[in-house]
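# Structure assessment
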2 protein chains.
Amino acid sequence: MPYVTLTEETAREYARANTSVFPNDAALECKEIGDGNLNMVFRIAEKSGTRSVIIKQSLPHARIDDSIAAPLDRARIESEMLVLHDRHCQGLAPKIHHYDREMYAIVMEDLSDHVVLRKGLIQGNTYPKLAEHIGEFIARSTFFTTDLGMDPEEKKVLQKSFVNPELCKITEDLVLSNPYFDAANNRIDVEIRERAEQNWQDSELKLQVMQLKEKFMTQAQALIHGDLHTGSIFVTKETTKAFDPEFGFFGPIGFDLGAILGNLILNHASQQWHMRDDAARRAAFRLYLLDTFREIWNVFDRNFRALWKQHVTTPMESNPLYLENYMARLFADAIGFAGCKMTRRIVGLAQVADIRSIPDTAVRAQAQIAVLDTAREFIMKRESYRSMDEVVETVRRYEAG
Amino acid sequence: MPYVTLTEETAREYARANTSVFPNDAALECKEIGDGNLNMVFRIAEKSGTRSVIIKQSLPHARIDDSIAAPLDRARIESEMLVLHDRHCQGLAPKIHHYDREMYAIVMEDLSDHVVLRKGLIQGNTYPKLAEHIGEFIARSTFFTTDLGMDPEEKKVLQKSFVNPELCKITEDLVLSNPYFDAANNRIDVEIRERAEQNWQDSELKLQVMQLKEKFMTQAQALIHGDLHTGSIFVTKETTKAFDPEFGFFGPIGFDLGAILGNLILNHASQQWHMRDDAARRAAFRLYLLDTFREIWNVFDRNFRALWKQHVTTPMESNPLYLENYMARLFADAIGFAGCKMTRRIVGLAQVADIRSIPDTAVRAQAQIAVLDTAREFIMKRESYRSMDEVVETVRRYEAG
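Note that this is a predicted model, so its numbers are computed, not measured. (Residues numbered from 1 in each chain as written. Chains lettered and ligands numbered in written order. Predicted model: local features only at pLDDT ≥ 70, side-chain atom pairs only at ≥ 80, totals over all residues. Heavy atoms only, no water.)

## Quick word on helix H14 (residues 388-397) of chain A
Residues and elements named next belong to chain A. Buried within H14 we find Met388, Val391, Val392, Thr394 and Val395. Considered in projection along H14, the buried side chains sweep an arc of 150 degrees and stay on one side of the axis. Buried residues belonging to H14 abut helix H9 (253-274), helix H10 (279-311), helix H11 (320-347) and helix H13 (361-381). Where H14 begins, one side-chain oxygen reaches toward the backbone nitrogen of Asp389, 3.3 Å away; that side chain belongs to Ser387. (Buried < 20%, exposed > 50% of the residue type's maximum accessible area, 1.4 Å probe, protein only. Helix = DSSP H or I, 4+ residues; strand = E, 2+ residues; numbered from the N terminus. Arc of directions from axis to C-beta. Contact = heavy atoms within 4.5 Å. Polar contact = N/O pair within 3.5 Å; in protein donor to acceptor, adjacent residues only side chain to side chain.)

Below, the structure is given as C-alpha cells:
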C-alpha cells in the first residue's frame with residue numbers, strides 16, 4: 001500500500017491484515033511505544049492472550065539531524081538486513097512477520113520481555129548464552145555473504161542494495177576520524193584532555209587507525225551489521241537478539257566483532273564505579289566479561305571454520321593455509337576495530353552510559369584513561385597478538401580500580 | 001534513439017548528426033572495420049580532408065561465448081569508463097565525441113595512425129613516451145576515483161554503476177584461479193608441463209595468489225581499467241592511448257599496474273627469439289623494456305604523490321606516514337599482480353603473441369619457464385622488495401637467452 005503514517009488504530013488493523021500471528025477474531029490493543037523522533041514503534045497485543053507483535057515504521061518527514069540523512073533508504077536497508085538475519089541466523093535477530101517497502105514498515109517479533117544488553121551489564125547481570133549466540137550470529141550473518149559463502153557474482157549484485165553512504169559516513173567521521181584530532185563535536189572531559197591530546201600527536205597510532213578506516217571504506221568482505229554494540233542487542237538469560245541493523249553494508253567482518261568486544265571492555269572499565277562497594281563481586285563480574293570477550297571470538301572462530309569446511313570447495317579457496325591466514329586477519333581486524341570503538345566512546349560525540357553514568361569525575365577519568373590506553377595497545381599491537389589470552393592480558397594490565 | 005544496428009550508411013549519418021567533428025556539408029565515407037563478432041566498428045572519414053571518427057557499437061544479439069555474458073552492460077561500462085578517462089586523463093585515452101546509452105554506441109577518436117603496443121614491442125620498436133604516459137594514466141584515472149581524490153559518499157554511489165560481475169568473473173577464473181590447478185581450459189605446452197604442475201603443488205604460492213584474488217574481489221580502492229595489458233594500449237612514438245576499458249570496476253590499483261608491468265616482462269622473455277640473431281640489439285631492447293618497467297612505477301609514484309599532496313587535506317588522510325604506507329602497499333600489489341598476469345599468459349586459456357609466436361619449442365619453453373620463475377618470485381616476495389631495482393634484479397636472474 002502507498003505510504004501513510006500509521007496511527008494506533010491503523011497499525012492494529014495493519015498487523016491483523018499483514019501477519020498470521022493473531023486469530024482472525026482476536027481482540028487486539030495497540031500502543032505507540034517509540035520515541036517518535038525518526039520512527040513510529042507500535043506494540044500490538046491480544047487483549048486476552050499472549051500473542052503480540054511490533055511494527056516499526058520510518059517517518060519520512062521526521063525532524064532530521066543533519067548528520068542523519070536518507071531515513072527512508074535506511075529503513076529499507078534495515079528491513080532487508082533483518083530478512084537476511086532471519087534467514088541465516090534464525091532466533092538470533094527479531095523474527096520478521098512482514099515488511100513493506102512502500103510503507104517503510106516492518107512487522108516483527110515483540111521483544112518486550114528482553115532487556116538491552118548495555119543496561120543489563122551496567123546492572124551487573126550475566127548472560128550465560130551471550131557469547132555462544134553472538135559468536136554464532138556474527139559467523140553466520142557474515143559467512144553467507146562473503147565470496148566464500150555465496151556466489152561471487154550474486155554477491156556483487158547484492159552489494160548494490162546495501163550501498164549505505166550516509167550511515168557509513170557517520171562511522172567514518174565519528175568512529176574513525178574525529179577522535180584523533182580536535183574535531184568540534186568531540187566530547188572530552190577536562191580530566192582526560194591531556195591524554196586525549198596525546199593521541200592527536202601520535203602519528204603512528206593515527207596511521208594504524210587510518211589503515212582500519214581505509215579497510216572500513218573499501219573492503220567489501222561481507223554484509224555486516226555495522227553497529228553491533230551492546231545497545232543493539234536484546235537479551236534474556238536464555239535468548240539473544242541483534243537488532244537495529246540500519247548501518248548494514250558490505251564491509252570488514254572484524255568491524256562487527258570489534259563493536260561487541262570493545263563495548264564489553266567499556267563495561268569492564270565502568271565496573272570500577274558500578275561495583276565499587278563489592279570488590280569480590282566486581283572481580284567475578286570482570287572475569288565473566290573477559291570470559292565472554294574471549295568466548296565470542298572462540299565461538300565465532302569455531303562456527304566460521306565449520307561453515308568454511310562445509311561450504312568452501314573451490315580449488316583456490318579450499319587451501320587450508322588460506323583459512324588460517326583469513327582467520328588471523330579477522331582476529332587482527334577485530335582487535336583493531338575494538339580499539340577504535342573504545343576510543344570513540346571516551347572522546348567522541350556519542351558516548352556510553354556505562355562510563356557516562358559514573359558521577360565521580362576522578363573515578364570516571366581513571367576508567368576513561370584505562371580504556372584509552374587499552375584501546376591504543378589494541379590498535380597498535382593487533383597484528384602481533386598470538387592469542388586472546390594475550391589480548392586479555394592487555395586489558396588486565398590497564399585495569400582501573 | 002532506440003536501438004537499431006548501424007550499417008555503413010546509417011553510421012555515416014549518425015556520425016554527422018551526433019558530433020561536431022565534420023563540417024555540415026562534408027562528403028563522408030564509411031567502412032566497417034571490426035571483426036563483427038561482438039561489436040560493429042565503423043570508420044567514418046572525410047572523402048577529401050583529414051577528419052575522421054570511429055563508431056563502436058555493441059551487438060545485442062551476437063553469438064556470445066558462454067564465458068562472456070551481458071555484452072550490452074559491458075558496452076555501457078566501457079563508454080562510461082571512457083568518459084571518465086577523457087575527463088581525468090585527457091590525451092591518454094580515445095577522445096569521446098558522443099555516447100548513446102540506447103544505441104550502445106560510442107563515437108570516438110580515430111586512432112588508425114596508432115599501432116597496438118604488443119605488436120610494436122614484438123617488432124622491437126621503442127616508445128620513448130610510453131612510461132611517462134602510462135604512469136600518468138594510471139595515476140590520474142585511479143586517484144580521482146579513490147576516497148582520497150573524490151568525495152567518499154559520491155564514490156559509493158558511483159561504484160554502483162561499475163558493478164561488473166560477469167567480466168570480473170572472467171579475471172577471477174582465468175587470471176587468479178585456473179593457472180594454479182588442473183583446470184580444463186588451461187593451455188600448457190608439453191615442454192613446461194612439469195614446471196606448471198610445480199605451481200599446483202605449491203601451497204604457499206597458492207596462498208599468496210588467493211590473497212591477491214581476495215583483494216581483487218573485495219577491495220574497492222579505485223575505478224580501474226581492469227585489463228591494461230599491452231594489447232589494450234595504442235601507441236605512436238609521441239602518443240599513448242589506453243582503450244577497451246570494458247573490464248572496469250572498483251578494484252585494487254595494483255591490478256592495472258601489474259597488467260602492464262607483467263606484459264612488459266612477457267615481451268622481455270620473448271626477445272630471446274624475436275631478436276635471436278642480434279645479441280647486442282636484444283640486450284639494448286631489454287634494457288629499454290626494463291627501464292620502461294621501472295619508469296612506469298616511478299612516474300605513477302610521482303604523479304600519484306603529487307595529486308595526493310594537492311588534494312588530500314583531511315586530518316586522518318593527510319598524515320605523511322599514511323601516504324608512505326599507501327604507496328608501499330600499491331608497490332607490493334603491483335608486483336604481485338604482475339606475477340599473476342605473467343603466469344596466466346603462460347599456462348592459462350588466453351595467451352600472448354609475444355610468446356606464442358615463438359615456433360621453436362625449446363626456445364619457447366625456456367622463455368616460458370623464465371616467466372613462470374620470475375612470476376613466482378614476484379608473487380612470493382612482493383612485500384619484501386624495497387625498490388624497483390630489486391625487482392629488476394629478479395627479472396635478470398631468470399633471464400632466458
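And the narrative resumes.
## Details of the interface of chain A and chain B
On the chain B side, the residues contacting the 41 residues of chain A number 41 residues. Sorting the residues of chain A by area buried against chain B places Lys156, Glu214 and Met316 of chain A first, and these three jointly supply 19% of that buried surface. The residue Glu214 of chain B makes a salt bridge to Arg329 of chain A at a minimum N-O spacing of 2.9 Å. Across the contact surface, chain A and chain B share 14 residue pairs in polar contact (both at pLDDT 80 or more). Only helix H5 (152-161), helix H6 (165-174), helix H8 (203-218) and H11 of chain A provide two or more residues apiece to the side of chain A that touches chain B. (Buried area = accessible area lost by both parts, 1.4 Å probe. Salt bridge = Lys/Arg side-chain N within 4 Å of Asp/Glu carboxyl O.)

## Describing the packing of aromatic side chains
Residues and elements named next belong to chain A. Per the stated rule, a full pass over the model turns up 36 aromatic pairs over all chains. Here Phe143 and Phe304 contribute two aromatic rings whose centre-to-centre distance is 5.4 Å and whose plane-to-plane angle is 85 degrees, an arrangement assigned as edge-to-face. In this pair, Phe143 sits in helix H4 (residues 130-143) while Phe304 sits in helix H10, placing the two residues 161 residues apart along the sequence. Neither Phe143 nor Phe304 differs from the other in exposure class; each is buried. When the centroid spacing of 6.4 Å and the interplanar angle of 50 degrees are considered together, the rings of Phe304 and Trp308 count as tilted. Taken as a pair, Phe304 and Trp308 lie in helix H10 at a separation of four residues, close to a single helical turn. For the residue pair Phe304 and Trp308, the accessibility class agrees, reading buried in each case. Cluster of aromatic residues (ring-pair linked, three or more members): Phe143, Phe144, Trp297, Phe300, Phe304, Trp308, Tyr322, Tyr326 and Phe331. The residue whose ring lies beneath Arg276 is Trp273, and the NZ or CZ to ring-centre distance is 3.8 Å. (Phe/Tyr/Trp six-rings, centres within 6.5 Å; stacked < 30°, edge-to-face > 60°. Lys NZ or Arg CZ within 6 Å of the ring centre and 35° of its normal.)

## Notes on the sheet that holds strand E6 (residues 115-116) of chain A
All names here are of chain A. Overall, antiparallel pairing links the three strands, which are arranged E6-E8-E9 in an open sheet. The open sheet has two edge strands, E6 and strand E9 (240-242), and neither has a second partner. As defined by bridge partners, E6 adjoins strand E8 (residues 233-235) across two bridges and the pair is classed as antiparallel. Residue pairing for E8: Val115 is matched across the bridge by Val235. Against the sheet, H4 contacts E8 and E9, and its axis sits at roughly 35 degrees relative to E9. (Pairing = 2+ DSSP bridges. Axes fitted to C-alpha atoms, helices over the stretch in contact; angles between N-to-C directions.)

## Some details on helix H1 (residues 8-18) of chain A
Residue and element names in this part refer to chain A. Those residues of H1 lying buried are Ala11, Tyr14 and Ala15. Taken end-on, H1 shows its buried residues confined to a sector of 100 degrees, consistent with a single buried face. Facing away from the buried side of H1 by over 90 degrees, the exposed positions are Glu9 and Ala17. Check the buried side of H1 and you find it contacts strand E1 (28-32), strand E2 (39-46), strand E3 (52-58), strand E4 (96-100) and strand E5 (105-109).

## Considerations on the side chain of Asn267 of chain A
Residues and elements named next belong to chain A. In this structure, Asn267 sits in helix H9. Using a relative accessible area of 0% as the deciding quantity, one classes Asn267 as buried. Those residues within four positions of Asn267 in sequence are excluded, and the remaining contacts are Leu121, Ile122, Phe285, Leu289 and Asp354.

## With respect to the relation of the copies chain A and chain B
Between the two copies of this chain, the relationship is a rotation about some axis together with a displacement along it. Its rotation angle being 180 degrees, the transformation that places chain A on chain B also includes 0.0 Å of axial translation and leaves an RMSD of 0.0 Å. The operation mapping one copy onto its partner corresponds to a two-fold rotation axis. Identified as the residue of chain A closest to the rotation axis by C-alpha distance is Gln219 of chain A, at 2.4 Å. Comparing interface residues between copies, 100% of those in chain A also lie at the interface in chain B; the contact surface is shared. (Least-squares fit on C-alpha atoms with pLDDT ≥ 70 in both.)

## Thoughts on the sheet that holds strand E6 (residues 115-116) of chain B
Residues and elements named next belong to chain B. Spatially, three strands are ordered E6-E8-E9 in an open sheet, and the strand pairing comes out antiparallel. Two strands lie at the open edges of the sheet, namely E6 and strand E9 (240-242), each paired on one side alone. On the sheet, helix H4 (residues 130-143) packs against strand E8 (233-235) and E9 and is oriented at approximately 35 degrees with respect to E9.

## A closer look at the pattern of salt bridges
For the structure on display, the rule yields 73 salt bridges over all chains. Salt bridges here are not isolated pairs; linked through shared partners, they connect Asp73, Arg76, Glu80 and Arg101 of chain A.

## A look at the packing of H4 of chain B against helix H9 (residues 253-274) of chain B
Residue and element names in this part refer to chain B. Packing of H4 against H9 brings their axes to within 10 Å, and their N-to-C directions diverge by 165 degrees. Of the possible angle classes, the one that applies to H4 and H9 is roughly antiparallel. As H4 runs across H9, the sense of the crossing is right-handed. Contacts between H4 and H9 pair Ile134, Ile138 and Thr142 from the former with Ile253, Asp256, Leu257 and Ile260 from the latter. (Parallel < 35°, antiparallel > 145°, perpendicular 65-115°, else oblique. Left-handed = near helix turned anticlockwise from the far one by under 90°.)

## Focus: the domain arrangement of chain A
Residues and elements named next belong to chain A. By domain assignment, chain A separates into domain 1 (8-109) and domain 2 (115-398). Each of domain 1 and domain 2 has a C-alpha centre, and these two points are 28 Å apart. Between domain 1 and domain 2, the residue contacts involve 22 residues of the former and 24 residues of the latter. Taken as a group, Met81, His88 and Leu92 account for 32% of the area that domain 1 buries against domain 2, more than any other trio of residues on that side. The tally of links from domain 1 across to domain 2 stands at three salt bridges. At the boundary of domain 1 with domain 2, the tally comes to five residue pairs in polar contact (both at pLDDT 80 or more). The biggest single contributor to the side of domain 1 that touches domain 2 is helix H2 (residues 71-88), with eleven residues. Its residues placed into classes, the side of domain 1 that touches domain 2 shows eleven nonpolar, four polar and seven charged. (Domains from an automatic or database assignment. Nonpolar A, V, L, I, M, F, W, Y, C, P; charged D, E, K, R; others polar.)

## Considering the side chain of Arg345 of chain A
Residue and element names in this part refer to chain A. Position of Arg345 among the secondary structure elements: in helix H11. The buried charged residue Arg345 lacks any salt bridge partner; its closest oppositely charged side chain belongs to Asp227, at an N-O distance of 4.7 Å. Those residues in contact with Arg345 that sit more than four places away from it in its chain are Arg118, His229, Asn263, Leu266, Ala350, Gln351 and Val352. (Lys, Arg positive; Asp, Glu negative; His and termini not counted.)

## Notes on the state of the cysteines
All told, the structure shown has zero disulfides over all chains when counted by the stated rule. In this structure Cys168 of chain A is a free cysteine whose sulfur lies 15 Å from that of Cys340 of chain A, the closest cysteine sulfur available. (Disulfide = S-S within 2.5 Å.)

## Some thoughts on the packing of H10 of chain A against H14 of chain A
Residues and elements named next belong to chain A. Closest axis-to-axis distance for the H10/H14 pair is 10 Å, and the angle between their directions is 150 degrees. Relative to H14, H10 is oriented roughly antiparallel. The crossing of H10 and H14 is right-handed. Across the interface between the two elements, Leu287, Leu290, Phe293, Arg294 and Trp297 from H10 touch Met388, Asp389, Val391, Val392, Val395 and Arg396 from H14.

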